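The residues making up each chain are set out below.
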Amino acid sequence: MENCLSELTGENKSIWDCPPQYKNEVSWLNQKLKQLKADLQKLEKGEFSELAVTPVADIDSLLTPDGALVGDTVQVVRQKLMVVLQQENAIALYQTKAVTPQVGLFERMCACFAVEMQQNPVLREMIQGQLLTQINANLNSQQVTVKDIETSLTHLGRDMGEIKGWLERIHNQLSTHPAVPLQFQSLIAEKTEGFVGREFVFRAIQDFLQQQSNGYFIIEADPGVGKSAILAEYVRQTGCVAYFNVRSQGINRADDFLKSVCRQLIERYQLPYDLPLHPENTRDGNFLARLLTEITPHHSPIVIAVDALDEVEMKSQTDGANVLYLPQSLPNGVYFILTKRQTYVPLTVNKPYLFNLMEYGAESLQDVERYINQQVQKKPSLHQWVENQGQDTATFITTLAQKSDRNFMYLRYVLEDIESGAYQDLNLANLPQGLQQYYYQHWQRMGMTAKPLPRTKIKIVYVLTEARKPVSSLLISQFAGEDALTVQEVLDEWDQFLREERIEGQTRYSIYHASFQDFLHRQDIVQAAGITIRDINALIADNLAEELGL
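Predicted model only: the values in this text are computed from it and were never measured.

A. Focus on the sheet that holds strand β6 (residues 471-472). The antiparallel open sheet is built from three strands, whose spatial order is β6-β8-β7. In the strand order of this sheet, the two ends are held by β6 and β7 (498-503), each with one partner. Here six bridges tie β7 to strand β8 (residues 506-511), and the two strands are oriented antiparallel to one another. Counterpart to leucine 498 in the pairing with β8 is isoleucine 511.

B. Structural detail: the sheet that holds strand β5 (residues 352-356). Read from one edge of the open sheet, five strands run β2-β3-β4-β1-β5, paired in parallel fashion. Looking at which strands have only one partner, the edges of the open sheet turn out to be β2 (241-244) and β5. Strand after strand, the sheet turns through a mean of 15° between neighbouring axes, direction not considered.

C. Structural view of helix α17 (residues 434-445). With twelve residues, α17 extends 17 Å between its outermost C-alpha atoms, agreeing within 8% with the 16 Å of an ideal straight helix rising 1.5 Å per residue. Along α17, the residues classified as buried are Gly434, Leu435, Tyr438, Tyr439, Gln441, His442 and Trp443. Looking one or two residues past α17, glycine 447 carries a phi angle of roughly 75°, positive in sign.

D. Local environment of the environment of asparagine 430. Take asparagine 430: it is sitting in the loop between α16 (408-420) and α17. Spatially, the C-alpha atoms of asparagine 430 and lysine 403 are 9.9 Å apart, while their sequence positions differ by 27 residues.

E. Molecular detail of a negative patch on the surface. A cluster of acidic residues, Glu416, Asp483, Glu489, Asp492, Asp495 and Glu500, forms a negative patch on the protein surface. Its location among the elements puts aspartate 483 in the loop between α19 (473-480) and α20 (484-493). What makes aspartate 483 partly exposed here is its relative accessible area of 43%.

F. Focus on the pairing of strand β4 (residues 334-340). Across the seven residues that make up β4, a large majority, seven, are buried. Neither face of β4 is open: one carries Val334, Phe336, Leu338 and Lys340, the other Tyr335, Ile337 and Thr339, and all of them are buried. Here five bridges tie strand β3 (residues 302-307) to β4, and the two strands are oriented parallel to one another. Its bridge partner being in β4, isoleucine 302 is matched across the sheet by valine 334.

G. Broad picture of the packing of aromatic side chains. All told, the structure shown has 22 aromatic pairs when counted by the stated rule. Ring centres of phenylalanine 184 and phenylalanine 244 lie 5.6 Å apart, and the angle between their planes is 55°; on these two criteria the pair is classed as tilted. Residue phenylalanine 184 is located in helix α8 (residues 182-192), and its partner phenylalanine 244 is located in strand β2; the two are separated by 60 residues in the primary sequence. Judged on exposure class, the residue phenylalanine 184 and its partner phenylalanine 244 are both buried. Connected via pairs of aromatic rings, a cluster forms that spans Phe200, Phe208, Phe217, Tyr335, Tyr353, Phe355 and Tyr360.

H. Geometry of the nonpolar core. Counting residues in hydrophobic clusters, the biggest one holds 67 residues, and the most contacted among them are Leu265 and Phe336. Once residues lying within four places of it in the same chain are set aside, the contact partners of leucine 265 are Val241, Gln270, Leu271, Leu288, Leu291, Leu292, Ile295 and Ile302. Counting 53 residues, the second largest nonpolar core, distinct from the first, contains Phe408, Leu415, Tyr462 and Tyr509.

I. Expanded view of the environment of arginine 502. Mapped onto the secondary structure, arginine 502 falls in strand β7. Given a relative accessible area of 59%, arginine 502 falls into the exposed group. Each C-alpha atom, one on arginine 502 and one on proline 470, is 9.7 Å from the other, the two residues being 32 residues apart in sequence. Separated by 2.6 Å, the side chain of arginine 502 and the backbone oxygen of glycine 505 make a polar contact. A polar contact of 2.8 Å, which involves the side chain of arginine 502, links it to the side chain of threonine 507.

J. Geometry of the packing of helix α11 (residues 254-268) against helix α12 (residues 286-295). It is the contact of α11 with α12, at a shortest axis distance of 10 Å, that shows an interaxial angle of 20°. Relative to α12, the element α11 is oriented roughly parallel. Here the hand of the crossing between α11 and α12 comes out left-handed. Across from Phe257, Leu258, Val261, Cys262, Leu265 and Ile266 in α11, the residues of α12 making contact are Phe287, Leu288, Leu291, Leu292 and Ile295. Residue composition of the contact of α11 with α12, by class: eleven nonpolar, no polar and no charged.

Cut-offs and rules
Residues numbered from 1 in each chain as written. Predicted model: local features only at pLDDT ≥ 70, side-chain atom pairs only at ≥ 80, totals over all residues. Heavy atoms only, no water. Pairing = 2+ DSSP bridges. Helix = DSSP H or I, 4+ residues; strand = E, 2+ residues; numbered from the N terminus. Axes fitted to C-alpha atoms, helices over the stretch in contact; angles between N-to-C directions. Expected span 1.5 Å × (residues − 1). Buried < 20%, exposed > 50% of the residue type's maximum accessible area, 1.4 Å probe, protein only. Patch = residues over 30% accessible without salt bridge, like charges linked within 9 Å, V, L, I, M, F, W, Y side chains within 5 Å. Areas by Shrake-Rupley, 256 points an atom, 1.4 Å probe, with all protein chains shown as cover. Salt bridge = Lys/Arg side-chain N within 4 Å of Asp/Glu carboxyl O. Lys, Arg positive; Asp, Glu negative; His and termini not counted. Charge placed at Lys NZ, Arg CZ, Asp CG, Glu CD. Phe/Tyr/Trp six-rings, centres within 6.5 Å; stacked < 30°, edge-to-face > 60°. Core = buried A, V, L, I, M, F, W, Y, C linked by side-chain atoms within 4.5 Å. Contact = heavy atoms within 4.5 Å. Polar contact = N/O pair within 3.5 Å; in protein donor to acceptor, adjacent residues only side chain to side chain. Parallel < 35°, antiparallel > 145°, perpendicular 65-115°, else oblique. Left-handed = near helix turned anticlockwise from the far one by under 90°. Nonpolar A, V, L, I, M, F, W, Y, C, P; charged D, E, K, R; others polar.

As structure tokens, this is what we get:
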């Protein structure tokens, strides 16, 4: 019985470790095993009377004419026991159990039968013969031979080592990957939704970690190509220490970075430092460097992922220092995975490795096509739009991938517009080419180039892009001198470019992606809008300083 239980539940012998379809069997085995152990203890103490054994001939009724065990053997035995219990010479102990035989009568009979099987060779050989006959009949009916079983078991034995290794690695990952900070959980979930591909990037990271004793792996690419999504997926897979700079949400200061990363290290490796940290420990990068030095002799590798170095507020740190006060040299076993645009940020470090994502055009194009195909298969409205265009899916995927310039942010916006019906009267060939043209077409569709210029709308959009923290519609309404309904209409029109979040009981808005701010900073767009960035920033400074923390 213990062997049966172990096969169903593993070493823990817990009902929660067995397949759902066997829970009843495991529950029965657990109960009966306890009863058998208790009975054996009583037997050793002489608390049970000697039991009479039924003659071997009495089990003939359990066998079919063909010599196989009958299907309802258990029920037949129970019925025979009940008949015996009604006899006058039955053991008194069992007569008292006749009313409720389920509490142990049958199980005690099994114990006695097991003893008889062990001591009576005639009975043992007969039962073994019947069981082998039944097993052989079952195998023949399924056209399975003993050799087939031996071959399968041999193959299974060869695979068990590999299976065990995979299970151990999965267990280690699950047990050693603490949850990412609550601050970034929704961002990671958002960035990794529908994530596909990028295996070539993850392979490059893994090669770097294996080949280098420490260092900085820097992913560099244009806006919208997928840097943040790649890093978010890496953090989701590995559970490493992480920090995401988001300029539009005001999450881009050096002291905030140091507070977050140092706290994660202290909590993860149970270091003897009080939290929250003293401001002196986040004034520069010295405390972070000290933590890394203390941890590495006992734990490695230590991987820290940091997104969007180009969005860091450089005024939040000392001139001449590395961005976010990142250490120039790292202890062995410490690695930083960084992302940035193809623009300068102050970072002078030892052992940097630049991974230019823009140089992997073929791989990125393949991932873009996989993403488009995934979305078409998942969303019926996209599939219907393609059919309405008189195109097949393959042509749609190839054309849209080419127009995207391998930009995932472009795909996010264009596919959403197709789903919403915004391109109902536009054919596949006339879809915008690239992210910046997409922004310009949307700018036109929203009437932002109409005459006379919709200055209120333009002002509201520019305030959202220049604000350094999320702002409420009420505050924008007060600032623009417009009623709340007008402000909300503008926010609704531009909702696909905005991120909403609840802060102190208010819904506040910020720009979803920095590439939209790049578009609005284009000189031709600024001039056509009849405003200046300096004027907008001056208005923010005058009217929203307290709310935005400027």
